[in-house]
Every structure is written in structure tokens, then in C-alpha cells.
Amino acid sequence: MNKNIYLNTARLSATGLLALMIAACGSDNNSSPVTTSSSTTSTSSAAASSDMSSMASSSVAAPMTTAISLDFDDMSPGAIPDGFNLTGTGVEVVEGEGAYSGDLALKVSGAGASYLSLADFTGTHWGRMYYKNTAKPAAIANYSHTTLVSGIDGAAHFRFVDMVAAPDSAADAGKYQHLYNTEPNDLSLEGSYTNSYDGEWVCIEWSVDTTEQQFHLFRDGTEITLANRGTETNSTDLTNAKNYASDDELAMTPIPAVIPELRIGIQNYQGDEFTFLLDDIVVADARVGCEVANANSSSSEMSSEMSSSSMMSSSSMMSSSSAPSGPTQAEVDARVAAGKALYEGTAVYCVGCHGADGTQAGFDVITDTTRDYAGLADIIRTGVPAKGMKPCEPAGGCAEEITDYIWVEFLGYTLTADGGVKP
């Protein structure tokens, strides 16, 4: 299978982006990264910003400009992709240790910092990579923070693909969270501790809009709800963010339009040694998407492997909008009734805090129209411990059933066969 199909590569000279590309569709013999001419078509930061905010666009997107596309398959083991600088000894292309697709992947390991880097990278972008944890410490004494992708601007760090493992003494032992973490001031937008080091491939996506100062993070196609000390938000321009050394309120550092250095690799801040395999890394000005099933078989193809004229947009990749439509009215009524019973029932008792219409004073307004179906269900499923909201019980379809009720009765939106869509 030829994975190197990302077309329309260009140096984004308007924003100082160094464009790298692993050849175009056709021959597998031309797939080492190359730097294209600066005279090729550039993309303005305003256009890229529009891509970031248009997550519910039509199902066919305009041709994208791809900045990085690395699948490592036509490289030699031990080599480093052309155009990248290497820091540390814990980064190498390997064969025979597993790959998401093909035969080779990038292995990153160590208890410190080892990474590939590029200079003068565009701040506004979409990123996608697959990662797989293959080794972790036998014991984790303290919360252990690991970064796989980050932007660096002097003392300012923007950790786009970031995770923290819970210590063995915590209730969440063996789990880790995704987060967006920045320096200075160690400010974070956090996800919940619901991820396991299970040796399975994970598709992680991120989007950055430097005009709006927005950051979004997705795991296997579904957006991760991020919060700063219990305040749910995906905004990176928080003026009242709180750090972990104290409850001081500090401003989160804005992401610059041009990031002086982009790093792909590994850094652990507590000296714990982890090992990951990385594969199929793409950075572009529009969303590429995921194939969440393991693609390491001859019959599998990546969802992003299509011509540039028919690239799937973000709306077709979002779980809430890709679900087939068409439940009957009777089915809708049954789902809403089941959700209402849970919302008002004593086992969950949402109504006790949020009220009969979801707007009770003193609690979060759950009729917030900015949320999508999957995001709302995820909040109900995992809870918000910082605000005293426990995960939905009983287990099973509890979260989806309550979301069905809120989606139809509170928001007036439409249900699909296994989710919901906005009008």
C-alpha cells in the first residue's frame, strides 16, 4: 500500500513554514522528505485560521497544503528524516518493532529529552499522528508528565501532544490524561484520566488557531473535553488560568503566528523512562482525520488516503456528524424517555443540580449550544471531579441516554442512529 499520497505540498513562505513532503501519489521510490521551492503556492495565516474554525464545513474540502507527512517506510532503520535536526539519542527509525501501517515507525524513548525539530513553523495548523506505548516504568511514584509534540519560543513552551500518568498511589493508577500544557507558569487545559497504557495504537489530532487563540485535541476522532482546574474550555488565551504550584491566577502565553521551533519526539519531566512508537505524522492547514481501526494489514487503508480534490473535511470525521441518520420517531421517543428517566432518577439525579431545564443557578448551564453530541456525552460519562460531578452511573449507555434527552428536549437538535447532529 502506498501511503505517501498527500498532495499540494508547499513552503508556506507567508508564515515562515518550512514545508516537507514525502513525495506524492505514484511511486514508492520517491518518498523521502524533500523541501519544496519557496516559489510554490503559499497559504495565508487568515485562510489557515478559517480552516481551524470551520469544523462543521461541507463534506468535501478544498485541497490542503501539507507541511509534514512522515510514514518512514522508505527510510533505512536508524536514519533521520531529511530536513530535521536531531537532539538526544532516544529517537530513531526502526523496523520490526511494530508500525501503524507499513513496516517502519519512529521510536522515541528515554527519561529526558530526545526529539526531531524544525525551525520557523506556522502556528496555525492541524496535526495528526499515531502513537503506541511499548514500555513504561514498573513503578510511578509521582504524576509523570511526557510530551510528544511541542512548540518552543524561547522560554515559552506549547505542548500540543502531552500526557500525564497517574502515580501508583492514586485512584487513577495505571491511567493517564491528555492535556495542553504551557510554560511559563505551568498552566494546563486537562482531559480526564481515562486512558490506559495498553499497547494499542492511538490516533491523536490537534488544531491550533493563533488568530482566535484556540486549541483543540482529539483522540481517535472524538474531541477531548479540556478544562483548567475544573473550568471547561479549549481556549488558549485564558486570562484567569490557575497553575499547580498555587491558586494564583495567571495569563496563559499566546501561541505565536510563527513558532520558532517545532519538536517531535519525547520529553519526560520527572525522569521516568517511557518508550513510544510514532507513525503516519501529518501537519497541514486542514484536518486530515484518523482511521481508528488498526491499519497494519493489507486490506486496510488510511482514511486520509484519497485525492486532494476529495479530501474529507472535519465534519465527516467527527463522530457526531458521521453517524448514519434515520431513527424512527418511536425510536427517538424511546431514547428520550430513557434519558429523561435517568436525568430525573435517583441513580444519577442530574436534575438535583441542573434543574428541570438544565439552567439552575449556581451550576453549569448544560444547554450550552457550543457543545457537540460526543463532547456532551463525554462530560456526562467521565464527570467533572473538580466540580463535584461524578461519572455517570450506572455504567453502559447511561451517558448517551442522558445526552439523547438533553439533545432533543433542551437543545431541540436531531438524533441519528447512534448519536446526534446540530441543525
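Everything in this summary refers to the structure shown in the same document. Source: prediction; values computed, not measured. (Residues numbered from 1 in each chain as written. Predicted model: local features only at pLDDT ≥ 70, side-chain atom pairs only at ≥ 80, totals over all residues. Heavy atoms only, no water.)

The next thing to look at is the packing of aromatic side chains. For the structure on display, the rule yields 16 aromatic pairs. Taken together, a centroid distance of 5.5 Å and an interplanar angle of 85 degrees make the contact between Tyr-373 and Trp-407 edge-to-face. Taken together, the residues span a long stretch of sequence, with Tyr-373 in helix 6 (residues 373–382) and Trp-407 in helix 7 (residues 398–410) at a distance of 34 residues. You'll find Tyr-373 and Trp-407 in the same group, each marked buried. Directly above the ring of Tyr-244 sits Arg-229, whose terminal nitrogen or CZ lies 5.5 Å from the centroid. Sitting above the plane of the Phe-218 ring, Arg-287 keeps its charged end 4.3 Å from the centroid. (Phe/Tyr/Trp six-rings, centres within 6.5 Å; stacked < 30°, edge-to-face > 60°. Helix = DSSP H or I, 4+ residues; strand = E, 2+ residues; numbered from the N terminus. Buried < 20%, exposed > 50% of the residue type's maximum accessible area, 1.4 Å probe, protein only. Lys NZ or Arg CZ within 6 Å of the ring centre and 35° of its normal.)

A word on helix 7. Helix length check: helix 7, at 13 residues, gives a terminal C-alpha distance of 17 Å against a target of 18 Å (1.5 Å per residue), a fit within 8%. Here helix 7 has its buried residues at Cys-398, Ala-399, Ile-402, Thr-403, Asp-404, Tyr-405, Ile-406, Trp-407, Val-408 and Phe-410. Structurally, helix 7 contributes buried residues whose contacts are with helix 4 (329–344), helix 6, strand 23 (414–416) and strand 24 (419–421). Following helix 7 by one or two positions, Gly-412 has its phi on the positive side, about 75 degrees. (Expected span 1.5 Å × (residues − 1). Contact = heavy atoms within 4.5 Å.)

We now examine the state of the cysteines. As used here, a disulfide is simply a covalent bond connecting the sulfur atoms of two cysteines. Tallied over the full model, the rule gives one disulfide. There is a disulfide in this structure between Cys-203 and Cys-290, and the S-S distance comes to 1.9 Å. On the sign convention where negative means left-handed, the S-S torsion of about -65 degrees between Cys-203 and Cys-290 marks this disulfide as left-handed. Of this pair, Cys-203 sits in strand 14 (residues 202–209) while Cys-290 sits in the loop between strand 22 (274–284) and helix 2 (314–317), and the two are 87 residues apart along the sequence. For the residue pair Cys-203 and Cys-290, the accessibility class agrees, reading buried in each case. In this structure Cys-353 is not part of a disulfide, and its nearest cysteine sulfur, from Cys-350, lies 8.5 Å away. On the basis of relative accessible area, Cys-353 is assigned to the partly exposed category, the value being 33%. (Disulfide = S-S within 2.5 Å.)

Geometric values such as these leave the question of function open.
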